[in-house]
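Overview (structure and organization)
Spelled out from the first residue to the last, the chains are:
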Amino acid sequence: MLRLALKMLFGDRAKYAMLVCGLSFCALLMSQQTSVFCGLLLWTTATVRNIRVPIWVADAKVEQVNEVVTMREVEVQRVRSVPGVDWAVPLFWSILQARLPDGTFQGVQLTGLDSASLVGRPAKMLEGRIEDLQLPNAVIVDQVAIEKFAKRGIRLHVGTVFEINDKEARVVGICETERSFLGQPYVFTTYSRALQYAPLQRKLLSFILVHPKKGTPVPELVHRISTLGGLRAFSSDQFAWDTLIWYVRNTGIPISFGTVVILGIVVGIAIAGQTFYLFVHENMRYLAALKAMGAGFSVLAKMVVLQAFTVGFIGYGLGVGLAALFGNAVLRKGQPPFYMPWQILAFTGVVIILICLFSALVGLIKIARTEAAMVFK
Amino acid sequence: MSTPPSMDYAVKTTALGKTYGKGDNVVQALKAVDFEARCGELLMIVGPSGCGKTTLLSVICGTLHYDTGSVSVFGQDLARLSSGKLTAFRGKNVGFVFQQFNLIPTWTALENVTVPMLLNGSSRASAETAASALLKEVGIGDKLNALPSELSGGQQQRVAIARALVHEPRLLICDEPTAALDAASGKKVLQLLKERACRPDRGVIVVTHDSRIFPFADRIAEMEDGQIKAMHGPGECQSLYV
C-alpha cells in the first residue's frame, strides 16, 4: 500500500510539484539565509583568524575584536612579566583612510605587526615576500584591496604607491586573508611604521599578542593576565565567540535574518500545509473508498505520512542543494558571506520535518473525521 | 444462469433505525427496518431518492453507525465489533462496487484490483496474480496496465467489479452500479455480476434506480420513506421493469 501511496502522490503532478516547490523554497530560504547570517557573523571574527595567535590581550573595556581601546605600550612589558608567557608582542590595528593614486579615498584596516618577529603575518602570500615589510614605507595588501582598487580602475600590484594619512605606502606584497565584516581591505605593515601612519594619540597600542610557554595551559595564562588589572585576556576561541555574541546582542542582524527565516517557515507551512490539505481533500473520495474496503486508520495514516515525508525529503534536498549551489557560487566571488555548517542542515531538516508533520496532521484529521459511508454519497 | 438462493441469511436487520440531524432538523432515514438478504441471491433495493436506500446500504456494510435495532452479517452482529474489528471484518467479508467506480486515477487497473488483497495482508505478488486472473475473467486482460482514464465507463466498472471480488468476499455491495453507464454497458455489467458474483455462499445487494436492470434481480426490496414498502419475489421482478 505504501508503494501505491507514493504512486498516488507522484501521479498528481500539479500538487506534487507545488508541494515540492513550496518545501524547496522554504528549505532554500532557511538554509541560504542562515548560511549568509553565519557567514556574516564569521566575517566579524576574521581578524582573529587572520592574526592566528593563541592569546589576545586588550584593554579591560574591550568586548570584541573589532573594538579597540588603545593602551600604553608599557602594558606589553607587564604582560611579558606574567609567569608562563613565552612571548608577547604589540599589534596595531585601526581603520584609516588610504588615498589612492587617482586621489580618491578607501578605508583600510591597517595592521601593524611586531617589527622583529612579524607575529600575526598573513598566512598566505600571493605575491612578494613577507620579509620585504622591513623595506622603507613597505605595506602588504590583501586580495580585497585588489578588488576595491580595481573597482576604481586602479590595478594594484607590487610597486604601487598610495598614501595613508599623507604618508607614502609602497606595496611590496599581496596576501590572501579572510574577508572581514567591516569590508575594508587589510593593509599589513610593521608596528613602528603603523604608528607613523596613525594619527597622533597619547596611546596607540591596540592589542598584545601572547604565546604561552610550553606546558602552560592557555586558560590558565588567560586568567593570570586578566588579574593584572586594566587588561583583559582572551583565548582566540573565546575572543571569536565573544565577538559573535556581541554582534548578535548589539546589532539588528539576527532580527533581520531571523525575520526572513521565519517568513520562509511561514511560507513553507502555508504552501505545504494548504497544498497537502487540498491533496488529501481531493483524494478524500478515494481514501474513503479505501476505508470502506477495509483500510484502517493506521494504514491510511502511514500512507499520508509517507506522502508528506516524501515531498519533505525531496523538497529539503532540492532546497539545501540550491542553497549549497548558491554558496559555491558566492564563495568563489568572496561575497556575500556564506557559511553552511552541519547545524544549519540539521536545523532546516528539523523545520521541514515539523512542516511535514503539520501537513500530515492536517490530512489525518480530515481522514479521521470522514466516515467511510461518504463513498456512497 | 443464476444459482438458486438458499434460505441462509447473508444480511438480517431487525427494527433498524437511523436518524440524521438534531432538534427540529431531525430526519428519520430508517424507520424500524426489518430486512434480510439471502445467500446465493441478487437482491435489489429500489425506491425514490431520499427513501433511505443508501443509508440502509451504508449501515449493512458497517460504514455507518445506526441508532436502534440490529444488523447481522453472516451471523455476526455488527454492534458487537469494535471499530478496528469492524474495519477488518468489512475488509475481509465485503466487496464494494460504487456508482462512480472510485478507482484511484493514478493507479493502473491491476493496482486498483490488488488493493483489497493487500489490505487483507496478501503479498504483492499473490495479489497481482489473483487480480490479473480476475481482470482476464471479466474481459479486460489486455488493460492490466491501463489507467482508469484510459478505460471506457463499462471497462472501469469491470475493473471495479474485479476489485470487489478479488479477495473472495461473502457479501457484495453495489451502489448504483449502472448509473454512470449506457444501457448496453449497464446490462453487460449486471450479466457479469450475475455470472461472477452470485454464489450459494455469497450475498449480493444492489441499490439502483435503473429499472432496466430489474430483471436481473432474484428479489427486489422496494423502499419508501425509510421503510421497506414491499418485497417482490422472483416472479415479480420482470414485471417491475417499465
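Along each chain, residues carry numbers from 1 onward, in the same order as the chain's sequence is written. Ligands are numbered from 1 and chains lettered from A, in the order in which they are written. This being a predicted model, a pLDDT of at least 70 is required before a residue's local features are given, and a value of 80 or more before pairs of side-chain atoms are given or counted; all residues contribute to the totals for chains, interfaces and linings. Computation of side-chain values: all heavy atoms of the structure, hydrogens and water removed.

**Considerations on the packing of aromatic side chains**
Pairing of aromatic rings covers Phe, Tyr and Trp, the last through its six-membered ring, and needs centres within 6.5 Å; plane angles under 30 degrees mean stacked, over 60 mean edge-to-face, and all others mean tilted. Under the criterion given, the structure shown has 13 aromatic pairs over all chains. A centroid spacing of 4.8 Å and a plane angle of 70° characterise the contact between Phe181 of chain A and Tyr247 of chain A, whose relative ring orientation is edge-to-face. Of this pair, Phe181 of chain A sits in the loop between strand 7 (167-176) and strand 8 (186-190) while Tyr247 of chain A sits in helix 8 (residues 236-250); the two residues are 66 residues apart in sequence, bridging distant segments of the chain. For each residue, the accessible area found with a 1.4 Å probe, counting protein chains only, is set against the maximum for its type, and the residue is called buried under 20%, exposed over 50%, and partly exposed in between. Take Phe181 of chain A: its relative accessible area is 25%, and that puts it in the partly exposed class. A relative accessible area of 5% means that Tyr247 of chain A is categorised as buried. Any Lys NZ or Arg CZ that is within 6 Å of a ring centre and within 35 degrees of that ring's normal is treated as a charge sitting over the ring. Here the guanidinium or amino end of Lys12 of chain B rests over the ring plane of Tyr9 of chain B, the centre of that ring lying 4.9 Å away. For Arg170 of chain B, the ring lying beneath its charged end belongs to Phe74 of chain B, and the centroid distance is 4.0 Å. Helix and strand definitions follow DSSP, with helices as H or I runs of at least four residues and strands as E runs of at least two, each counted in order from the N terminus.

**Here we look at the packing of helix 2 (residues 13-44) of chain A against helix 12 (residues 342-369) of chain A**
The angle between the axes and the distance between the axes are what describe a pair of packed helices. Residues and elements named next belong to chain A. Geometry is summarised by axes, namely lines fitted to C-alpha atoms with helices restricted to the contacting stretch, and by angles between N-to-C directions that run from 0 to 180 degrees. The N-to-C vectors of helix 2 and helix 12 enclose an angle of 150°; their axes lie 10 Å apart at closest approach. The angle between helix 2 and helix 12 falls in the class roughly antiparallel. Judged by the twist between their axes, the crossing of helix 2 over helix 12 is right-handed. The segment helix 2 lies against helix 12, with Leu23, Cys26, Ala27, Met30, Ser31, Thr34, Ser35 and Cys38 engaging Ile344, Phe347, Thr348, Val351, Ile352, Ile355 and Cys356. Of the residues that constitute the contact of helix 2 with helix 12, the class distribution is 11 nonpolar, 4 polar and no charged. If an angle is under 35 degrees, it is roughly parallel; if it is over 145, roughly antiparallel; if it lies from 65 to 115, roughly perpendicular; otherwise it is oblique. Rotating anticlockwise by less than a right angle from the far helix to the near helix defines a left-handed crossing, while the corresponding clockwise rotation defines a right-handed one. The contact criterion used throughout is that any non-hydrogen atoms of two residues lie within 4.5 Å. Residue type decides the class: Asp, Glu, Lys and Arg count as charged, Ala, Val, Leu, Ile, Met, Phe, Trp, Tyr, Cys and Pro as nonpolar, and the leftover types, Gly among them, as polar.

**Here we look at the sheet that holds strand 5 (residues 76-77) of chain B**
Residue and element names in this part refer to chain B. Strands were regarded as paired on the criterion that DSSP finds at least two bridges between them. Strand order across the open sheet formed by 4 strands is 2-1-4-5, with antiparallel pairing between neighbours. Only two strands of the sheet have a single partner each, and these edge strands are strand 2 (27-38) and strand 5. Pairing of strand 4 (residues 68-73) with strand 5 involves 2 bridges; the strand directions are antiparallel. Residue pairing for strand 5: Ser72 is matched across the bridge by Asp77. With respect to the sheet, helix 1 (residues 53-60) is in contact with strand 1 (9-20), strand 2 and strand 4, its orientation differing from that of strand 2 by roughly 60°.

**Description of the pattern of salt bridges**
One side-chain nitrogen of Lys or Arg within 4 Å of one carboxyl oxygen of Asp or Glu is enough to make a salt bridge. Taken as a whole, this structure holds 25 salt bridges over all chains when the rule is applied. Residue Lys7 of chain A is joined to Glu111 of chain B by a salt bridge in which the shortest nitrogen-to-oxygen separation is 2.7 Å. Of this pair, Lys7 of chain A sits in helix 1 (residues 2-11) while Glu111 of chain B sits in helix 3 (residues 109-119), each in a different chain. Across the pair Arg72 of chain A and Glu75 of chain A runs a salt bridge whose closest N-O atoms are separated by 3.3 Å.

**Details of the nonpolar core**
Take the buried residues of types Ala, Val, Leu, Ile, Met, Phe, Trp, Tyr and Cys, join any two whose side-chain atoms come within 4.5 Å, and each joined set is a nonpolar core. Among the nonpolar cores identified, the biggest contains 123 residues, and Leu290 of chain A together with Phe35, Met44, Leu135, Ile173 and Ile205 of chain B are the most heavily contacted of them. The residues contacting Leu290 of chain A, other than those within four sequence positions of it, are Met1, Ala295, Leu300 and Met303 of chain A together with Ile104, Trp107, Val115 and Leu119 of chain B. Counting 39 residues, the second-largest nonpolar core is a separate cluster that includes Ala145, Ile164, Ala198 and Leu205 of chain A.

**Here we look at the interface of chain B and chain A**
Across the boundary between the two partners, chain B contributes 31 residues, which contact 25 residues of chain A. Buried area: the accessible surface (1.4 Å probe) lost by two parts on joining, summed over both. Roughly 2400 Å² is buried in total at the junction of chain B and chain A, and carbon and sulfur atoms are behind 67% of that figure. Between chain B and chain A we count 3 salt bridges in total. The salt bridge involving Arg3 of chain A is made with Glu128 of chain B; its shortest N-O contact spans 3.9 Å. Whenever a nitrogen or oxygen atom comes within 3.5 Å of another N or O atom, the pair is scored as a polar contact, on the condition that within protein one atom can donate a hydrogen and the other can accept it, and that pairs from neighbouring residues in sequence are kept only if both atoms are in side chains. Counting every contact that joins chain B to chain A gives 6 residue pairs in polar contact (both at pLDDT 80 or more). Looking at the side of chain B that touches chain A, the elements with two or more residues in it are helix 1, helix 2 (83-93), helix 3, helix 4 (124-137) and strand 7 (171-175) of chain B. In terms of residue count, the dominant contributor to the side of chain B that touches chain A is helix 3 of chain B (6 residues). Here the residues of the side of chain B that touches chain A are counted per class, giving 14 nonpolar, 11 polar and 6 charged.

**Things to note about the pairing of strand 8 of chain A**
All names here are of chain A. Counting buried residues along strand 8, 5 of its 5 residues qualify, which places the element largely inside the surrounding structure. In this sheet, strand 8 lies alongside strand 3 (residues 105-113) in parallel orientation, the contact comprising 5 bridges. Each residue of the ladder has a partner; that of Thr111, found in strand 8, is Phe188. One ladder, built from 2 bridges, connects strand 5 (residues 138-142) with strand 8; its direction is antiparallel. In the strand pairing of strand 8, Val141 is matched with Val187.

**Observations concerning the confidence of the model for chain B**
Residues and elements named next belong to chain B. For chain B, per-residue confidence averages 85 on the pLDDT scale, and 94% of positions sit at 70 or higher. Confidence scores per residue from the predictor, reported as pLDDT, run from 0 to 100. When the elements of chain B are averaged for pLDDT, helix 7 (residues 237-240) gives the smallest value, 62, and helix 3 the largest, 92. Every residue in residues 1-6 is under pLDDT 50, and counting partners more than four places away or in other chains gives 12 contacts. Scoring of the predicted complex yields 0.78 for pTM and 0.84 for ipTM.

**Here we look at the pairing of strand 1 of chain B**
Each regular strand displays side chains that alternate between the two surfaces of the sheet. Residue and element names in this part refer to chain B. Sheet analysis places strand 1 next to strand 2, joined by 8 bridges and oriented antiparallel. Bridge pairing links Lys12 to Glu36 in strand 2. Two successive antiparallel strands, strand 1 and strand 2, enclose a turn made up of 6 residues, where Gly21 displays a positive phi of approximately 80°. Relative to strand 4, strand 1 runs antiparallel, the two sharing 5 bridges. Opposite Gly17, over in strand 4, you have Thr68 as the bridge partner.

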